[in-house]
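# What the coordinates show
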Amino acid sequence: MPAPFPLRSRRTRFALLLPFAAVLVPIVTLAGGAWLSWRTAIEDATLQLSRTADAGAEYAARVLEAQAVAVGRINERLRGLSDRTISEDERRWHDELGAMVEELPQADLAFVLDRNGHPLVASNLYPVPRDIDVTDRDYFIALRAEDAPSTYVSRPFLGRVASQLLFAVGRRRVGTGNDNLEPGAFDGLIFLAIRPSSLAEGMRRLLGPEGDMLALVRDDGYILSRTIGQDGLLPPIPRDRAFHAAVASGESARTYRTISSVEGFSSLNAVRRIEGFPIYAVSLRPTSKIVAHWGQQMVSHLLLGIPAALLLLLLALRVRRDQLRLDAINSGLEDDVERSADRLQRAARFGLVATFEIDLRTGVNRRSGEYMELQGEARSPAEEKHENWVRRLHPDDRARAEGHFLHAISDTSAVTEYSQSYRIVTATGETRWIAARGEIERDEHGRALLMRGAHVDVTPLRSAEQALAESDARLRLAQEAAGVGTWEWNSEARTLNWSRMMIELWGFDPEAGQPDVSATVARIDPADRGKVRREMARAQRHGTFRCEFRIRRPRADEGPEGEGETIWITAQARRVPLDGRPGSRLLGVAYNVTERKLAEEQTALLAHEVEHRAKNALAIVSGLLRVTTADTPETFVQIMEGRVQALARTMTLLSQYRWKGAQLKELVQHELAPFGEARVALSGPPVMLGSEVAQPLSMAVHELTTNAAKYGALSAPGGRLEVTWWIEGTTVQMVWREIGGPRLDGPPAHQSFGTQLIRQTFENRLGGRMQLRWEPDGLVCELSFEMSGAA
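Here is a short report on the structure shown in this document. (Residues numbered from 1 in each chain as written. Predicted model: local features only at pLDDT ≥ 70, side-chain atom pairs only at ≥ 80, totals over all residues. Heavy atoms only, no water.)

Glancing now at the packing of helix α19 (residues 664–672) against helix α20 (residues 691–710). It is the contact of α19 with α20, at a shortest axis distance of 10 Å, that shows an interaxial angle of 35°. As α19 packs across α20, the resulting crossing turns out to be right-handed. Touching Leu664, Leu667, Glu671 and Leu672 of α19 are Ala694, Leu697, Ser698, Val701, His702 and Thr705, all from α20. A class-by-class count of the residues in the contact of α19 with α20 yields six nonpolar, three polar and one charged. (Axes fitted to C-alpha atoms, helices over the stretch in contact; angles between N-to-C directions. Helix = DSSP H or I, 4+ residues; strand = E, 2+ residues; numbered from the N terminus. Left-handed = near helix turned anticlockwise from the far one by under 90°. Contact = heavy atoms within 4.5 Å. Nonpolar A, V, L, I, M, F, W, Y, C, P; charged D, E, K, R; others polar.)

Written out as structure tokens, the structure is:
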């Protein structure tokens, strides 16, 4: 029986090779992780650069469109004027051009040229030198041509007067007052010159934290502006670089790797065409920065992987030592292996572990030692009767198992292969599941003579099956609790198979069975059906499906004819092959995401409200800057700081109530908090003020508090302040009473700006009323205004 020795030899070789595998596996794993990490780093960089390029293209489009519009405005201002008329009134047009350039943050100067390339008027020179000749400039050549574009963006150039680095946005002059011109003939041009450095300042604000670079490049490769600086004229990008391939492809967006034509370093680039112009926004990140970021990630992998590899190597060495020791022990068991070879061969034949043999003519049952041990008896061969086996059968299985056995060995059954599963109860009371299998020998007349077979304990298998069934039940319960439905789509048969939760999710009756395809499609929102069909077709090609869409289903409390309700559903699926058949099917899940969609809409609405309030606040601050006066800059700063802080406190209160308003008491408390509760008494019911009321009211309370602290009750040690309010309909009545301050002999000789601001706030902005009384003991201010907004 030589079989065990090759097996032991293979185990020995495996044990010897195990340390090498323990080192090789971590190395391969780290290499695979490094590759995946590098892919992720490249994908992240590509995504970030694409976003930067998109932002740069949008920013440049706005700037260039603004310059083009401005050039058009200049042409309209000069329409109908001849070159002589413009030259004779050069001072006026010089001033107007200067004013227009001042309105454009990126523009540096403006020129109007005649048909011979000589300047007529300029925004930065007066009088303009008449001997300047720009006929060699590319913008003059391009706009003089018969097929001249409506708007032309030039190459960078150095100015003839101040040698500034500029590029121009220009167009032909049309509708001039010059005589003897043929229709459509060239009669001069107008252009605005832009400094690349001015444009670069705006583009730098679009860059992310990675130190990326952003540039604007003409389709012929000339660089107009870039964020890393541009001290002089730069050479165009060589024609063999990937940029020109991207331009030639006609695509509006592309990413590629290249070598910088200026600095010479390798980089990852993303290019986006600027809408309406033959210009591209190019964002780039040096490959060295991507490699450095990837290296930082790999350090953490190595810190974990190297110790793990060493630990695995130590474990492999120990396993090898134990395996060699085990082989030495096994070598002493060769005789036992040989004696058991026949029994092991029979067990291997049937795939079982405990053998038996039954003489069906005498009724003698011969059992192996393993069989007896499996039955809960001593491990030794034995002879038994049929009754011994029946007695061990589980009461619930006894009739079925014995009946199956007797039928199999009957002379009329002609059965030669016997198999069944049943439970037994051992002498210790333990229940075991047994799988029995055997062969029945029959004579030429079909009479059963002998059964040889084996038993195997399948209790763990049965336990696993039961656990799997329970797990499936728990999964279904979890899906139902979470509102997750499962579905299957067979594209070949065009059939749907839905879980009960899926049927309920779509508003169908689970008791009515599976809904048909037409009824399902009818409940999808018409606006989303095309999207669902496209994603289903894509899933058939690529193997995955994910889609968010709306369905219209009946409400639980109304019939099929009711108005129903619209909900959002997210569905996901993966393509899997059919069992043993050609074709495939989609298996997936679906769940209700309506609450998430509503939350996203609410978030967007809140963001819009915050933007609106911020603009209002800026408008208020701008107004305060215009109307606030002071004797010294320090006093001006102090007054403005107080008013802006009051506005900021109100903004904080509004944000606490999600910009729906603010409590009147909290608004007053925030302003009077520095003076303590001992000197300030507040009394009145809860009043929620509208956001349009809260901001101007806070400014008024701030001015009253400032006056009280400087000149009124809060300026004296024993002074007190009482603020009371009440509601009459939708109007708030409020009384501000100062007590114990400096004695007043009557109203002041003139009203301060603070008093004017309070009165303007209540009477003009809120449509309310304000009455001031200067009583000897202190100021009394009576206010009234609407709670929700201006009257």
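There is more to say after this.
Residue Tyr126 is joined to Pro127 through a cis peptide bond whose omega torsion reads -10°. Along the chain, Pro127 turns up in the loop between β2 (119–122) and α4 (138–144). Backbone geometry places Asn180, a non-glycine residue, at a positive phi of 60°. Turning to its location among the elements, Asn180 is positioned in the loop between β5 (165–172) and β6 (189–194). Relative accessible area serves as the criterion here: at 80%, Asn180 is assigned to the exposed category. (Buried < 20%, exposed > 50% of the residue type's maximum accessible area, 1.4 Å probe, protein only.)

Moving on: the pattern of salt bridges. All told, the structure shown has 43 salt bridges when counted by the stated rule. One salt bridge connects Arg79 with Glu76, and the closest N-O pair in it is separated by 2.8 Å. Look at Arg79 and you get partly exposed, because its relative accessible area is 41%. Between Glu548 and Arg596 there is a salt bridge; the shortest N-O distance is 2.4 Å. Of this pair, Glu548 sits in strand β20 (residues 544–553) while Arg596 sits in helix α17 (residues 594–627), and the two are 48 residues apart along the sequence. Judged by relative accessible area, Glu548 falls into the buried class, the value being 18%. A relative accessible area of 34% means that Arg596 is categorised as partly exposed. (Salt bridge = Lys/Arg side-chain N within 4 Å of Asp/Glu carboxyl O.)

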